[in-house]
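Spelled out from the first residue to the last, the chains are:
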Amino acid sequence: MARREANGHRQKRESPPTYDDWLGTIRREGGQMAWLWRKSFAEVHNLGRTKQQMDEAVLSSKRIRDAIRTLAARGETADAAVRAEAQQILSTMALDFRFHSAAQPIGYSLATVFERIFSHIWVNSARMCQIQQISADRSVPIVWLPTHRSYFDFLLLSLLSYHYRIQLPAICAADDFRASRLLGEALRRCGAFFIRRSFREVFT
């Protein structure tokens, strides 16, 4: 009896996920260029807000407006001056996503590199398709939490989002990357925004 119950319990368990070889898919579709320029992809990734719209949304939020008033009162200065400083900080750290001029060319380069150094990259396609369905509702935010065991994590995540028609993620990057003008601007146009690793020096 106990053995039959145990067997029944095993049968009710969810079947293990199946994984698809993402690099194998690219090879079957004719290589990186053929994969990259699938026309329907551009329609998905151009639906996000512009940099100007995002800047205005941030500066118009209640928390930012309250912070501006508090800092202005503390420093006995005009709200407009503090807002201008906030605008400068935002322009320094904010992303400026450019799909055709940056994301696609860099995506091609990364896919080529991955194809050279890896034989296979296995992906749980069923789960990615579920996330794609959720992402179609723009009112539902999706937060990715890669393990960050290497810099490949967030690069690969962006490529897989592109592949599965999921809006490319905004990537939180350390302010160190912004120090390199060429690399920093390339990352910004691929969806990176920059934050300090530490705020200790600001308050000491």
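Sequence positions are assigned chain by chain, starting from 1 and proceeding in written order. Reporting of local features is limited, given that this is a predicted model, to residues whose pLDDT is at least 70; pairs of side-chain atoms are given and counted only at 80 or more, and all residues count toward the totals for whole chains, interfaces and linings. Computation of side-chain values covers all heavy atoms of the structure but excludes hydrogens and water.

(A) Molecular detail of the packing of helix 5 (residues 51–59) against helix 7 (residues 79–93). As a packed pair, helix 5 and helix 7 sit with axes 11 Å apart at the nearest point and diverge in direction by 135°. Compared by their axis directions, helix 5 and helix 7 come out oblique. Considering how the two elements wind past one another, helix 5 and helix 7 form a crossing that is right-handed. Residues Lys 51, Asp 55, Glu 56, Val 58 and Leu 59 of helix 5 pack against Arg 83, Ala 86, Gln 87, Leu 90 and Ser 91 of helix 7. Between N-to-C directions, angles cover 0 to 180 degrees, with each direction set by a line fitted to C-alpha atoms, over the stretch in contact for helices. By definition, any uninterrupted DSSP run of H or I lasting at least four residues is a helix, any uninterrupted run of E lasting at least two residues is a strand, and each is numbered from the N terminus. Here is the rule for angles: anything less than 35 degrees is roughly parallel, anything more than 145 is roughly antiparallel, 65 through 115 is roughly perpendicular, and the remaining ranges are oblique. The handedness criterion is simple: a crossing whose near helix is rotated anticlockwise from the far helix by less than a right angle is left-handed, and one whose near helix is rotated clockwise is right-handed. Whether two residues are in contact is decided by their heavy atoms: any pair within 4.5 Å suffices.

(B) Expanded view of the nonpolar core. What we call a nonpolar core is a set of buried Ala, Val, Leu, Ile, Met, Phe, Trp, Tyr and Cys residues that are connected through their side-chain atoms within 4.5 Å. Throughout this description, buried means an accessible area under 20% of the type-specific maximum (1.4 Å probe, protein chains only), exposed means over 50%, and partly exposed covers the range between. Formed by 18 residues in total, the largest nonpolar core has its most connected members in Trp 22, Trp 35, Ile 121, Val 123 and Leu 160. Taken together, the elements giving at least two residues each to this core come down to helix 2 (22–28), helix 3 (32–36), helix 8 (99–117) and helix 10 (152–163). In terms of residue count, helix 10 provides more of this core than any other element does, four residues in total. With near-sequence residues (within four places) excluded, Trp 22 lies in contact with Trp 35, Phe 114, Ile 121, Val 123, Leu 156, Leu 159, Leu 160 and His 163.

(C) Molecular detail of the pairing of strand 4 (residues 192–195). Of the two faces of strand 4, only one is covered, namely that formed by Ala 192 and Phe 194; the face formed by Phe 193 and Ile 195 stays uncovered. Two strands pair when backbone bridges link them, and strand 3 (residues 171–174) and strand 4 are joined in this way by four bridges, in the parallel orientation. In the sheet register, Ala 173 faces strand 4, and the bridge partner there is Phe 194. With its strands directed away from the observer, a crossover is right-handed exactly when the path from the first strand over the helix to the second travels clockwise. Chirality of the crossover, the property in question, places the unit of strand 3, helix 11 (residues 181–189) and strand 4 among those that are right-handed. When DSSP finds two or more bridges between two strands, those strands count as paired.

(D) The layout of surface pockets, seen in detail. For the largest pocket, the calculated volume is near 1500 Å³. Lining the largest pocket we find 48 residues, and of these Leu 95, Leu 168, Pro 169, Ala 170 and Ile 171 sit closest to its centre. Every element with two or more residues in the lining of the largest pocket is listed here: helix 5, helix 7, helix 10, strand 3 and strand 4. Its residues placed into classes, the lining of the largest pocket shows 30 nonpolar, nine polar and nine charged. Cavities and pockets were defined on a 1 Å grid built over protein atoms only: a cavity is a set of grid points that admits a 1.4 Å probe from which the probe cannot escape, a pocket is an open set flanked by protein on both sides within 12 Å along at least five of seven lines, and lining residues are those with an atom within 4 Å of any such point. Grid points are joined across faces, edges and corners, and a volume is the space filled by probe spheres set on the points. Amino acid classes used here: Ala, Val, Leu, Ile, Met, Phe, Trp, Tyr, Cys and Pro are nonpolar; Asp, Glu, Lys and Arg are charged; the rest, including Gly, are polar.

(E) Summary view of helix 9 (residues 125–135). Among the residues making up helix 9, those that are buried are Ser 125, Met 128 and Ser 135. Here the buried residues of helix 9 occupy an arc of 75° about the axis, which is enough to place them on one side. Where the residues of helix 9 are buried, they touch strand 1 (20–21), strand 2 (122–123) and helix 10. Here the arc refers to the directions that run from the helix axis out to each C-beta atom.

(F) Up close: a nonpolar patch on the surface. A grouping of Val 113, Ile 117, Phe 118 and Phe 152 is seen on the molecular surface, where their side chains present a nonpolar patch of about 320 Å² in accessible area. Relative to the helices and strands, Ile 117 is located in helix 8. Taking relative accessible area as the criterion, Ile 117 reaches 46% and is therefore assigned partly exposed. Patch criteria: residues need more than 30% relative accessible area and no salt bridge. Like-charged residues are merged within 9 Å; nonpolar side chains of Val, Leu, Ile, Met, Phe, Trp and Tyr are merged within 5 Å. Here the accessible surface of atoms and residues is derived via Shrake-Rupley with a 1.4 Å probe, and residues count as covered only by protein chains that are part of the display. Each reported salt bridge corresponds to a side-chain nitrogen of Lys or Arg within 4 Å of a carboxyl oxygen of Asp or Glu.

(G) View of the side chain of Asp 96. Mapping Asp 96 onto the fold places it in the loop between helix 7 and helix 8. Aside from chain neighbours lying at most four places away, what touches Asp 96 is Lys 51, Arg 188 and Arg 189.

(H) Structural detail: the packing of helix 6 (residues 62–75) against helix 7. Where helix 6 contacts helix 7, the two axes come as close as 9 Å, and the packing angle between them is 120°. In terms of orientation, helix 6 and helix 7 fall into the oblique class. Helix 6 and helix 7 meet at a crossing whose hand is right-handed. Of the residues in helix 7, those in contact with Ile 68, Arg 69, Leu 71 and Ala 72 of helix 6 are Asp 79, Val 82 and Arg 83. Residue composition of the contact of helix 6 with helix 7, by class: four nonpolar, no polar and three charged.

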